[in-house]
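# Structural overview
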Amino acid sequence: MSIPAKRVDYVSVKLVKESSFLYKDRVCNSTTGAYQLFSELIEDKPDEHLAVACLNTKLEPVNVAVLSIGSVTQANVYCRSVIRNALLSNAISVIVAHNHPSGNVTPSKNDVAFTKRLAKACAFMGINLLDHLVIGADGDFTSLKSEEREIFG
């Protein structure tokens, strides 16, 4: 008795552009530039939002995506979500950012732990994790690259 053939779906996976905006600096090569890229998307949100910017070889943003919308105190995201966006964007580098609705830009233990996991995952996949920003209110932000140098090497 032979086993019948298994039908396998043929699929394609792609990102879908929802909208766009102008980024005046064009190249994202500083923490201030990274803040300006993310601020309009997540700074004044009442709940935590975590976003990723995918960059090309010239450090130009290819796209930005909000990967998680959480509660007032946390936004859960898996490293694989960041990696998926980077791979689908053919990105060389990524920057992640999330807001703290409280306005306090001190990274939490969870922020540091997530960044460590993400740095390892990105390195394994050949993607540069350039920074992780914690954005507060009124232009206040912290760079985990500046605060937690050992994470980034």
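Residues numbered from 1 in each chain as written. Predicted model: local features only at pLDDT ≥ 70, side-chain atom pairs only at ≥ 80, totals over all residues. Heavy atoms only, no water.

## Focus: helix α2 (residues 79–88)
Rules: Only protein chains enter the accessibility calculation, which uses a 1.4 Å probe; a residue is then buried when its area is under 20% of its type maximum, exposed when over 50%, and partly exposed in between. Numbering of helices and strands runs from the N terminus; a helix is a DSSP stretch of H or I covering at least four residues, while a strand is a stretch of E covering at least two. A contact between two residues is defined here by any heavy atoms of the two lying within 4.5 Å.
All buried positions along α2 are accounted for by C79, S81, V82, I83, N85 and A86. The inward-facing, buried residues of α2 contact β1 (49–55), β2 (61–69), β3 (93–99) and α3 (109–125). Of the residues flanking the end of α2, it is N90, one or two places downstream, whose phi is positive at about 55°.

## A word on the side chain of H100
Among the structural elements, H100 can be located in the loop between β3 and α3. Looking at H100, the relative accessible area reads 10%, which means it is buried. Not counting chain neighbours up to four residues away, the residues in contact with H100 comprise E48, V105, T106, S108, D111, V134, I135 and G136.

## Notes on the state of the cysteines
Our working definition: The disulfide criterion is simple: two cysteine sulfur atoms within 2.5 Å.
Summed over all chains, the structure comprises zero disulfides. In this structure C122 is not part of a disulfide, and its nearest cysteine sulfur, from C79, lies 7.4 Å away. What makes C122 buried here is its relative accessible area of 1%.

## Remarks on the nonpolar core
The nonpolar side chains of a soluble globular protein tend to be buried, and buried together. The line we're drawing: What we call a nonpolar core is a set of buried Ala, Val, Leu, Ile, Met, Phe, Trp, Tyr and Cys residues that are connected through their side-chain atoms within 4.5 Å.
Grouped together as the largest cluster of nonpolar side chains are 24 residues, with contacts concentrated most on V82, V94, F114, L118, C122 and L129. Among the secondary structure elements, those contributing two or more residues to this core are β1, α2, β3, α3, β4 (128–135) and α5 (149–152). Per-element accounting of this core gives the leading share, five residues, to α3. For F114, the residues in contact, after removing those within four places along its chain, are L50, V77, Y78, C79, V82 and H132.

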